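Take a look at the letters that make up each chain.
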Amino acid sequence: MNIKESEELFNLSQQVIPGGVNSPVRAFRAVGRNPLFIKRAQGSHITDEDDNTYIDYVGSWGPAILGHAHPQVIESVQRACRDGLTFGAPTRKEYLLAEMICEAMPSIEKVRLVNSGTEAVMSAIRTARGYTGREYIIKFKGNYHGHSDGLLVKAGSGALTTTVPDSGGVPADYSRNTLIALYNDRESVHALMEQYKDKVAAVIVEPVAANMGVVLPEEGFLKFLRDITQEYGSLLIFDEVITGFRLGYGGAQEWYGVFPDMTTLGKIIGGGMPLAAYGGRKEIMDQVSPVGPVYQAGTLSGNPVATTAGIETLKLLKAHPEYYTQMEQHAARLAEAFRKFGRRKHEKIYVNQIASLLCAFYTDREVVDYDTAVSSDVKEYAEHFGYLLEHGIYTAPAQFEAMFVSVAHTEEDIQKTCNIILG
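Reading the values: rules and limits
Residues numbered from 1 in each chain as written. Predicted model: local features only at pLDDT ≥ 70, side-chain atom pairs only at ≥ 80, totals over all residues. Heavy atoms only, no water. Helix = DSSP H or I, 4+ residues; strand = E, 2+ residues; numbered from the N terminus. Rg over C-alpha atoms; globule rule 2.2 N^0.38 Å. Buried < 20%, exposed > 50% of the residue type's maximum accessible area, 1.4 Å probe, protein only. Contact = heavy atoms within 4.5 Å. Phe/Tyr/Trp six-rings, centres within 6.5 Å; stacked < 30°, edge-to-face > 60°. Core = buried A, V, L, I, M, F, W, Y, C linked by side-chain atoms within 4.5 Å. Pairing = 2+ DSSP bridges. Axes fitted to C-alpha atoms, helices over the stretch in contact; angles between N-to-C directions. Arc of directions from axis to C-beta. Polar contact = N/O pair within 3.5 Å; in protein donor to acceptor, adjacent residues only side chain to side chain.

Undergrad: Help me understand the overall build of the chain in this model?
TA: Counting its regular elements, the chain contains 14 helices and 16 strands. On C-alpha atoms alone, the chain measures out to a radius of gyration of 21 Å, which is about the 22 Å that the 2.2 N^0.38 rule sets for 423 residues. Taken over the C-alpha atoms alone, the chain extends approximately 60 × 55 × 45 Å along its principal axes. Out of the 423 residues belonging to the chain, those deemed buried represent 56%. By sequence separation, contacts in the chain at least 24 residues apart represent 71% of the contacts at least 6 residues apart.

Here it is, written out as structure tokens:
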């Protein structure tokens, strides 16, 4: 596999971009390699600067649910571009996309469009604090909610109530109101809610954790979160930046039948363009300026090109519910191929899969939370990643990410991938 151009571009990029990349995982450091530089993508395939083509299971980390460069989306975006790239004023398309989101997820009565998942979560938490008049937030170890200062925290020395910044440049005061519970551990949540009575504004959770690999909620866990937040007068926020429109048109909340007070969305709703959203019950969202006192603004929020891509993507997903069945079946076949590989090679592999999301962990433990996820042998993952890459299969360059199956993956793609996984 010739990667001369990618290597040269990486060397040049490191001179002007920190680490040579604009998002850390892209650097391939977790798999002991240098990154590939991609120049085009079509359907289920991506092509690098050296003209190597790969079957893509990253999908731009989730947005490419239809595959890359879907003709209907591209044509609509091209027409939108001819009308102007940005107005900084209300548009019909903002309303149409907001209406589609509210119809898909009945727990969202009003929604505000923003530009990134990080911005959506940051704004949702500010709104939750403004609505409740409370300061504390509970998040879960191993759940990722973007890179805003108050959420880049982890538990210190195993103490659930002690949080320290998990990034340089974040003052401790920014994180002191963020409490850490353990995913799938009800007692850790109950203990914090009891200790901080009348002070917890919201509990925020990835309903299916997809940033420590893929980790599913145990039966009844999300319902428990719904019940305990109502008991203590706190809000429940589902971070569906990844799962929204991915597990199904109604997201994880429809899949599990548990409906939060607020939801954050991203990735798929932008159809490949930078776009995200946060929304919830009317009385909560009416706290947001200009109606209420919680300030949030954005020059490019509701951008007409991004909303066009989002509208066309959601139209196709809504019109073709069979897409979700197809993607789930394909993901299940990939998951079984990883399991067969483990059995055949006497490797320790545990696979979590739900709908079109999956992750193979190189461990013999059932992966149900952060601690079991990090039991995975990252060296084994890196080795298998390299083997797959060299055989034309592009997966996440880090153990603790998801594989994404798209509508564009064909029967041939899946069979070829399974064959290569099995060696």
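Undergrad: Mind showing me how you'd approach the environment of glutamate 322 here?
TA: Mapped onto the secondary structure, glutamate 322 falls in helix H11 (residues 322–345). Sequence separation of glutamate 322 and valine 407 is 85 residues, and the distance between their C-alpha atoms is 9.7 Å.

Undergrad: Sorry, what's going on with the packing of aromatic side chains here?
TA: Each aromatic ring pair is described using two quantities: the centre-to-centre distance and the angle formed by the ring planes. Inspection of every chain in the model, using the stated rule, returns ten aromatic pairs. Relative to phenylalanine 385, the ring of phenylalanine 28 has its centre 5.6 Å away and its plane inclined at 75 degrees; by these criteria the two rings are edge-to-face. Remark: phenylalanine 385 occurs in helix H13 (residues 378–390) and phenylalanine 28 occurs in the loop between helix H1 (4–13) and strand E1 (38–42); sequence separation between them is 357 residues. Residues phenylalanine 28 and phenylalanine 385 agree in their burial class; the two are buried.

Undergrad: How should the nonpolar core be read in this particular structure?
TA: Nonpolar side chains tend toward joint burial in soluble globular proteins. Residues Ile101, Phe245, Leu317, Leu334 and Phe338 are the most contacted members of the largest nonpolar core, which totals 68 residues. In terms of residues, this core owes the most to one element, H11, which gives nine residues. What phenylalanine 338 contacts, discounting residues up to four positions off in sequence, is Ile349, Val351, Leu358, Ala360, Tyr362, His384, Leu388, Met403 and Ile421. Membership of the second largest hydrophobic core comes to 40 residues, among which are Val189, Met193, Leu236 and Leu247.

Undergrad: Would you take a moment to explain the sheet that holds strand E16 (residues 403–404) for this structure?
TA: Two strands in a sheet stick together by hydrogen bonds in their backbones, pointing the same way (parallel) or opposite ways (antiparallel). The three strands are arranged E13-E14-E16 in an open sheet whose pairing can be described as antiparallel. Either end of the sheet is taken by a strand with one partner, and the two such strands are strand E13 (350–354) and E16. This element, H11, spans E13, strand E14 (357–361) and E16 of the sheet and lies at about 175 degrees to E13.

Undergrad: Got a minute to help me understand the pairing of strand E2 (residues 45–48) in this structure?
TA: Strand direction decides the pairing type here: E1 and E2, joined by four bridges, are antiparallel. Looking across to E2, one finds that arginine 40 is bridged to threonine 47. The antiparallel hairpin formed by E1 and E2 contains two residues in its connecting segment, where glycine 43 sits at a positive phi of about 60 degrees. Note: E2 against strand E3 (residues 53–56), three bridges, orientation antiparallel. Counted as the bridge partner of threonine 47 is threonine 53 from E3. In this structure, the hairpin formed by E2 and E3 is closed by a connection of four residues, where aspartate 51 is found at a positive phi of approximately 70 degrees.

Undergrad: What's the story with helix H6 (residues 186–195) in this structure? I'm lost.
TA: The periodicity of an α-helix, 3.6 residues per turn, causes residues three or four places apart in sequence to face the same way. Taken residue by residue, H6 has Ser188, Val189, Leu192 and Met193 as its buried positions. Along the axis of H6, the buried residues cluster in a sector spanning 130 degrees; they form a single face. Every exposed residue of H6 that faces more than 90 degrees away from the buried side is listed here: Glu187 and Gln195. At the N-terminal boundary of H6, the capping side chain belongs to aspartate 185, with an oxygen 3.1 Å from the backbone nitrogen of glutamate 187.

Undergrad: Mind showing me how you'd approach the environment of glycine 130 here?
TA: Of note, glycine 130 is situated in helix H4 (residues 117–132). For glycine 130, a relative accessible area of 36% gives the class partly exposed. For the pair formed by glycine 130 and phenylalanine 341, sequence separation is 211 residues and the distance between their alpha carbons is 51 Å.

Undergrad: I would appreciate a short explanation of the sheet that holds strand E15 (residues 393–394) in the present structure.
TA: Taken in spatial order, the four strands line up as E1-E2-E3-E15 in an open sheet, and their pairing is mixed. In this open sheet, the two edge strands, each paired with only one partner strand, are E1 and E15. Set on the sheet, helix H14 (residues 411–421) makes contact with E2, E3 and E15; between it and E3 the angle comes to about 100 degrees.

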